[in-house]
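Residue-level structure breakdown
So the chains spell out like this:
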Amino acid sequence: MNAPATRRARSSSTAVRRPGDILFNGASLGSAVLILLILAGVAFFLVMEAVPALTAPAEEISGGEGFFAYVWPLVFGTVVASVIAMLLGTPVAIGIALFVSHYAPRRLGNGIGFVIDLLAAVPSVVFGMWGMAVFAPRLGPLYEWLSQNLGWIPIFGDASATGRTLMTASIVLAVMILPIITSVSREVFLQTPRLHEEAALALGATKWEMIRTAVLPFGMPGVIGGTMLGLGRALGETMAVAIILAPGVFSWNFIGAGNATIPAEIALNFPEAAGLRLSELIAAGLVLFVITLAVNLFARWIVDRRAEFSGAN
Amino acid sequence: MSKRIDVKDLDIYYGDFHAVKGVSMTIEPRSVTAFIGPSGCGKSTFLRTLNRMHEVIPGARVEGEVLIDGQNLYGKGVDPVDVRRQVGMVFQRPNPFPTMSIKENVLAGVRLNARRISSSAADELTERALRGANLWNEVKDRLDKPGSGLSGGQQQRLCIARAIAIQPEVILMDEPCSALDPISTLAIEDLINDLKSDYTVVIVTHNMQQAARVSDKTGFFNLKATGQPGQLVEFDTTQTIFNNPSQKATEDYISGRFG
Amino acid sequence: MSIQTQTPQTPQGDVQRSRLEDVEGVVLSRVRPTTGRPALLLALGALVLAVVLRLGLDMHVALALVLSFVGYLGAVYAVYRHLGGPRVAVDQVLRALVYFAFVCAIVPLASLLWTVVAQGAGRAFDPSFLNQTMNGVTGLHDQDYAEGVGPFVGGAYHAIVGTLIITGLATLISVPIGLFTAIYLVEYGGRNPLSRWIRFFVDVMTGIPSIVAGLFAFALFVQLFGPRDAKMGIAGAIALSVLMIPTVVRNSEEMLRIVPNELREASLALGVPQWRTIAKVVLPTAASGLASGITLAIARVIGETAPLLVAIGYARGLSLNAFEGPMNTLAVYAYYMFTKPLSPAVREPSLERAWAAALLLVLIVVALNLLARLIAKMFAPKTGR
Ligand SMILES: Nc1ncnc2c1ncn2[C@@H]1O[C@H](COP(=O)(O)OP(=O)(O)OP(=O)(O)O)[C@@H](O)[C@H]1O
Ligand SMILES: [Mg+2]
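Calculation criteria
Residues numbered from 1 in each chain as written. Chains lettered and ligands numbered in written order. Predicted model: local features only at pLDDT ≥ 70, side-chain atom pairs only at ≥ 80, totals over all residues. Heavy atoms only, no water. Helix = DSSP H or I, 4+ residues; strand = E, 2+ residues; numbered from the N terminus. Rg over C-alpha atoms; globule rule 2.2 N^0.38 Å. Buried < 20%, exposed > 50% of the residue type's maximum accessible area, 1.4 Å probe, protein only. Contact = heavy atoms within 4.5 Å. Areas by Shrake-Rupley, 256 points an atom, 1.4 Å probe, with all protein chains shown as cover. Lys, Arg positive; Asp, Glu negative; His and termini not counted. Charge placed at Lys NZ, Arg CZ, Asp CG, Glu CD. UniProt positions renumbered as here; feature names shortened; annotations may be inferred. Pairing = 2+ DSSP bridges. Near = heavy atom within 4 Å. Polar contact = N/O pair within 3.5 Å; in protein donor to acceptor, adjacent residues only side chain to side chain. Nonpolar A, V, L, I, M, F, W, Y, C, P; charged D, E, K, R; others polar. Disulfide = S-S within 2.5 Å. Buried area = accessible area lost by both parts, 1.4 Å probe. Salt bridge = Lys/Arg side-chain N within 4 Å of Asp/Glu carboxyl O. Patch = residues over 30% accessible without salt bridge, like charges linked within 9 Å, V, L, I, M, F, W, Y side chains within 5 Å. Phe/Tyr/Trp six-rings, centres within 6.5 Å; stacked < 30°, edge-to-face > 60°. Right-handed = clockwise from strand over helix to strand, strands pointing away.

Each helix and strand in chain B was counted, giving ten helices and eleven strands. Against the 2.2 N^0.38 benchmark of 18 Å for 259 residues, chain B shows a C-alpha radius of gyration of 18 Å, consistent with a compact globule. Viewed in the frame of its principal axes, chain B has a C-alpha envelope of about 55 × 45 × 30 Å. Taking all 259 residues of chain B together, the buried fraction comes to 60%. Look at the contacts in chain B between residues 6 or more apart in sequence, and 68% of them connect residues 24 or more apart. Working note: accessible area of chain B is about 10100 Å², and carbon and sulfur atoms make up 46% of it. Of note, chain B has its 30 positive side-chain charges centred 3 Å away from the centre of its 31 negative side-chain charges.

So, in structure tokens, the structure goes:
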């Protein structure tokens with residue numbers, strides 16, 4: 001795609017510049033720069049509205065111990081829910097992707113692929129309603145069982161009868177990020193060079209051995225990228241958690257009442273908030289922004305490394 | 001040690017498409033057999049039925065028998081995975097595993113098929129296979145470097161090393177030199193000559209001189225007409241095929257008066 | 001190859017014994033042929049076991065399934081190890097895991113769709129739901145309705161209209177910016193530093209959490225109008241644009257790149273100025289792809305709740321003016337109806353409204369996705385072939 005650019009360089013050196021060209025070039029350059037401005041604006045206005053909370057005396061912040069003390073349990077809840085979601089979702093997503101790309105018949109695989117893409121677009125509020133109405137109540141008895149039988153593990157403390165816990169929210173998040181990780185993984189698995197698959201088979205590999213030798217090594221960087229994408233989505237996911245989780249104070253017990261996440265905290269409190277409370281919530285949003293930014297940069301770095309890697313082929 | 005292959009009335013299909021019809025032939029052990037013929041006549045298809053790689057393609061199937069030392073490859077109670085370990089294959093384009101080092105590439109098949117390999121056995125097998133593929137001297141100092149860093153010809157010899165590392169009975173090669181320069185081609189042809197003393201080698205080639213140079217026997221495949229299944233027109237010693245073919249079509253193809 | 005020795009031929013069974021196993025230090029692992037039938041039988045057995053655990057021992061469904069699946073895995077491993085050797089056993093176990101992953105995902109997703117349809121279908125197509133707003137509707141109406149003394153009142157008309165207005169505005173903002181940026185990246189920028197930076201920041205933007213986009217729009221409008229009057233429709237549209245622009249840029253860039261360079265060169269060689277080449281050759285060629293990409297981008301944001309919750313407030317009645325006062329959308333409406341029923345004592349009518357709105361949303365999203373596919377298929381550029 002270098003060609004159009006060099007062409008522009010040449011045409012701009014000629015004396016005549018048509019108004020149409022100037023306009024078109026200007027509009028596209030302007031839009032591109034506008035995007036940079038929007039992003040700068042996002043950072044700028046968030047910081048601006050967050051400053052009061054960040055500079056306010058500690059006792060005026062909710063909880064009375066300063067912004068850091070206020071926000072870290074939220075960060076903890078956000079990260080824990082996302083990490084659990086990722087741990088649960090990734091293996092299943094890889095399984096589905098393999099099912100679609102290498103186990104199911106072509107036709108069926110394509111159909112499932114489309115359904116999965118569709119599910120990635122289902123609004124998160126719907127996931128939240130489903131999780132609250134259908135899923136959480138079913139999990140109550142299971143938590144009861146876990147609490148009774150595995151109660152010595154700290155995260156399985158006293159069970160919540162309603163099932164509206166961090167664990168439930170995490171599982172619903174896992175279901176929500178499944179389609180994202182699946183569609184990225186399916187794509188890379190399908191791109192595995194046939195030559196490598198056949199090379200493995202011709203050496204006497206079973207199906208799984210072929211996948212292990214040819215498909216997984218080839219697709220792994222892509223899968224990691226997709227997982228990071230899913231993690232980013234889970235970190236920022238608001239509505240599902242806001243609806244499902246009955247928020248509370250920080251606790252190691254993930255199957256009982258307690259804990260909250262940044263996005264849910266904002267969504268639940270924003271409509272009634274005013275003054276410093278508003279600023280607090282925006283500052284929490286800023287923290288969330290920084291976390292997701294870090295995850296995204298990390299994901300990008302991995303995907304770039306992969307580009308270098310496949311360049312050798 | 002090499003094996004004798006008997007093909008009896010083999011019909012090959014892709015779904016409803018009848019690709020190759022009624023092939024019967026006997027391939028002698030410790031010999032090189034070449035298949036020639038116009039594009040699309042089913043040489044690759046036929047070759048891939050000799051190690052059951054054909055059925056990897058969805059909908060592909062086979063009727064007839066392929067006997068290796070009297071044992072039907074397509075008989076009940078024969079697992080394709082096991083067949084492929086005994087009938088190795090080298091592909092048209094070199095395909096070393098990109099994430100593996102040279103040594104790992106050579107050992108890939110061994111590791112798949114072995115429950116355990118001692119590291120001394122691994123070293124020994126690597127060296128033996130690479131020597132067998134005439135590659136040892138070129139790569140012995142960089143066994144831990146990625147296989148994809150080699151030249152095309154070296155990569156192809158690496159693939160041959162990978163195939164012979166599991167010590168198959170038969171080695172199939174589908175146009176192994178078509179992606180290579182003349183020097184690398186020569187190296188591979190020399191290698192095929194060496195392999196003959198231990199293995200049964202079957203090779204598909206579009207290069208008539210190559211067939212004449214390396215093979216003991218030659219089979220000529222042809223299409224009667226487009227849309228018709230491919231057929232084995234003539235199968236004889238390379239001498240006969242090139243100097244004194246019994247079929248008009250063979251003579252036309254050999255002398256370039258084809259089509 | 002001096003180590004190779006003649007091995008005796010096995011009279012029966014396998015094709016031939018290998019020589020690889022004669023190498024010292026190598027323990028071969030052979031594969032014996034198997035069929036899928038034992039796996040199928042074992043799966044049936046596991047299913048029976050699950051039913052017994054569930055009904056007989058009254059175990060939790062998830063526990064019963066997990067236990068019988070673990071049992072199934074063990075049985076498959078043992079049986080296939082016996083029949084085909086360890087490699088076949090591992091192959092079969094992995095196959096079972098892959099299929100199980102598929103089932104694991106299908107069950108909740110199917111349950112989700114089923115729930116939305118079952119709960120929402122009753123009310124979603126009711127004209128009174130589609131034509132009414134929530135203006136003046138209180139918990140008392142719901143109580144009357146529940147007791148059978150009043151009609152069902154209160155619908156989502158204003159939310160539907162609000163969804164269309166806000167998403168429409170977001171589209172109007174995002175499509176030109178996104179499209180022109182893509183044009184810049186493909187046609188003008190090439191690989192210069194600016195376009196590399198823009199690609200990078202578009203990536204960053206893709207990762208902005210939706211609620212943060214809402215906070216940004218709110219913070220911006222607070223600066224412009226003060227905290228009291230900051231919530232309005234256009235703020236929501238801007239929040240959605242922040243989420244939509246990166247999708248539009250990426251999808252469009254991909255589509256513009258597919259346009260073959262020969263077309264551009266053919267046009268330029270005829271003396272057509274570059275902007276006309278873009279407008280008359282490049283864009284029309286890519287039109288179907290662009291349209292389908294934009295449709296998908298709309299589908300992505302139309303169900304957004306969090307940013308709107310923050311940026312547009314919550315209106316009970318119809319508001320057509322996006323530049324003043326709170327508005328409503330289907331997603332926000334569903335959220336409020338679901339979490340804050342009008343009458344805490346009689347929640348049913350509010351939940352009905354919530355599910356109906358959710359169903360409408362899902363239908364819109366599905367329709368948009370299908371539409372995008374259709375556009376991409378029907379109007380695919382007739383280049384080559
Ligand atoms: N995967 C496939 N599915 C369906 N038909 C196929 C497939 N592969 C090959 N064919 C068809 O089978 C016939 C034989 O193909 P094959 O590749 O064996 O020819 P070939 O003799 O090897 O040709 P070439 O010399 O060009 O390699 C052709 O008509 C081809 O179109
Ligand atoms: Mg071929």
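Moving on from the model shown.
The next subject is the overall build of chain A. Per the secondary structure count, chain A includes eleven helices and zero strands. The secondary structure elements of chain A, listed N-terminal to C-terminal, are α-α-α-α-α-α-α-α-α-α-α. Taking the principal axes of its C-alpha atoms as reference, chain A extends roughly 70 × 65 × 30 Å. Element-wise, carbon and sulfur atoms account for 67% of the exposed surface of chain A, whose accessible area totals about 12500 Å². Side chains of chain A carry 18 positive and 18 negative charges; the gap between the two charge centres is 18 Å.

With respect to the helices and strands, the residue C:T115 is situated in helix 3 (residues 86–124). By relative accessible area, C:T115 is classed as buried at 6%. For C:T115, the residues in contact, after removing those within four places along its chain, are A:W130, A:V134, C:G120 and C:W355.

For the rest of this paragraph, the subject is the UniProt feature "transmembrane region" (unreviewed entry) in chain A. Residue and element names in this part refer to chain A. Sequence positions flagged by UniProt for "transmembrane region" (unreviewed entry) are, in local numbering, residues 21–47, 67–100, 112–136, 238–262 and 282–303. Between the C-alpha atoms that bound residues 67–100 there is a distance of 47 Å. The span itself is 100% helix and 0% strand. End C-alpha atoms of residues 112–136 are separated by 27 Å, and the span's content is 88% helix alongside 0% strand.

A few words now on the sheet that holds strand 9 (residues 200–204) of chain B. The sheet built from ten strands is open, its strands ordered 5-4-1-2-11-10-3-9-8-6 (chain B) with mixed pairing. Among the strands making up the open sheet, the edge pair consists of strand 5 (71–72) and strand 6 (87–90) of chain B.

On to the environment of C:L374, then. Within the fold, C:L374 resides in helix 14 (residues 348–378). The sequence separation of C:L374 and C:S292 amounts to 82 residues, and the corresponding C-alpha distance is 8.2 Å.

Attention shifts here to the site of ligand 1. Residues and elements named next belong to chain B. Near ligand 1 you find 13 residues, and of these S39, K43, S44, T45 and H206 are the closest. Between ligand 1 and S39 there is a distance of 2.4 Å, counted from an oxygen atom to a side-chain nitrogen or oxygen. With the chains in place, 63% of the 630 Å² that ligand 1 exposes on its own is no longer accessible. Secondary-structure elements contributing two or more residues to the shell around ligand 1 are strand 2 (17–27) and helix 1 (43–49). Among the elements that line the shell around ligand 1, the one with the most residues is helix 1, at three residues. Residue classes in the shell around ligand 1 are distributed as five nonpolar, six polar and two charged.

In this section: the state of the cysteines. Disulfides are covalent bonds that link the sulfur atoms of two cysteine residues. Residue and element names in this part refer to chain B. Counted under the stated rule, the structure contains zero disulfides over all chains. Free of any disulfide, C41 has its nearest cysteine sulfur in C177, 18 Å distant. Overall, the relative accessible area of 0% leaves C41 in the buried class. Free cysteine: C159, not disulfide-bonded; nearest cysteine sulfur from C177 at 12 Å. On the accessibility criterion, C159 (3% relative accessible area) is buried.

Attention now moves to the interface of chain C and chain A. One widely used convention gives an interface's size as the accessible area the parts lose upon coming together. Each side of the interface is counted separately: chain C has 92 residues, and chain A has 84 residues. Counting the surface lost from both chain C and chain A, the interface buries some 8100 Å², and carbon and sulfur atoms represent 78% of this. Between chain C and chain A we count one salt bridge in total. In this structure, A:E209 and C:R87 form a salt bridge, with 2.7 Å as the shortest nitrogen-oxygen distance. The greatest single-element share of the side of chain C that touches chain A, amounting to 17 residues, is contributed by helix 3 of chain C.

Let us look at the pattern of salt bridges. Counted by the stated rule, this structure contains 27 salt bridges over all chains. A:E198 serves as the salt-bridge partner of B:R48, at 2.8 Å between the closest nitrogen and oxygen. Pair noted here: B:R48 is in helix 1 and A:E198 is in helix 7 (residues 194–202), and the two residues belong to different chains. The pair B:R48 / A:E198 is uniform in exposure class, with both members buried. With a shortest N-O distance of 3.6 Å, B:D82 and B:R85 are connected by a salt bridge.

Let us look at a nonpolar patch on the surface. There is a patch of nonpolar side chains on the surface, built from A:L29, A:V33, A:L34 and A:L37 and spanning about 300 Å² of accessible area. Here A:L29 lies in helix 2 (residues 19–55).

Here the focus is the interface of chain A and chain B. Between chain A and chain B, the contact holds 19 residues from the first and 25 residues from the second. In total, about 1900 Å² of surface goes out of reach between chain A and chain B, with carbon and sulfur atoms giving 69% of it. Of all residues in chain A, A:L195, A:A202 and A:L203 bury the most surface against chain B, accounting for 32% of the area lost on that side. Across the contact surface, chain A and chain B share four residue pairs in polar contact (both at pLDDT 80 or more).

Residues and elements named next belong to chain A. Taken as a whole and assessed by the stated rule, the structure comprises 32 aromatic pairs over all chains. Note on F44 and F45: the rings are 5.2 Å apart at their centroids and 80° apart in plane angle, and the pair reads as edge-to-face. What makes F44 partly exposed here is its relative accessible area of 47%. For F45, a relative accessible area of 16% translates into the label buried.

On the UniProt side, "domain: ABC transmembrane type-1" (unreviewed entry) is annotated at positions that read residues 75–299 of chain A here. Split by type, residues 75–299 of chain A is 76% helix and 0% strand. Its first and last C-alpha atoms lie 20 Å apart.

Turning to the environment of B:R157, a few remarks are in order. All names here are of chain B. Along the chain, R157 falls in helix 6 (residues 152–165). Since its relative accessible area comes to 8%, R157 is described here as buried. C-alpha separation for the pair R157 and L191, spaced 34 residues apart in sequence, amounts to 8.7 Å. What R157 contacts, discounting residues up to four positions off in sequence, is A133, N134, L135, E138, A187, I188 and L191.

The next subject is the pairing of strand 9 of chain B. Residues and elements named next belong to chain B. Among the five residues of strand 9, five are classified as buried, and the element is accordingly described as predominantly covered. Burial along strand 9 is two-sided: the residues T200, V202 and V204 and V201 and I203 are all buried. Viewed along the sheet, the connection from strand 8 (residues 170–174) through helix 7 (residues 182–195) into strand 9 turns out right-handed.

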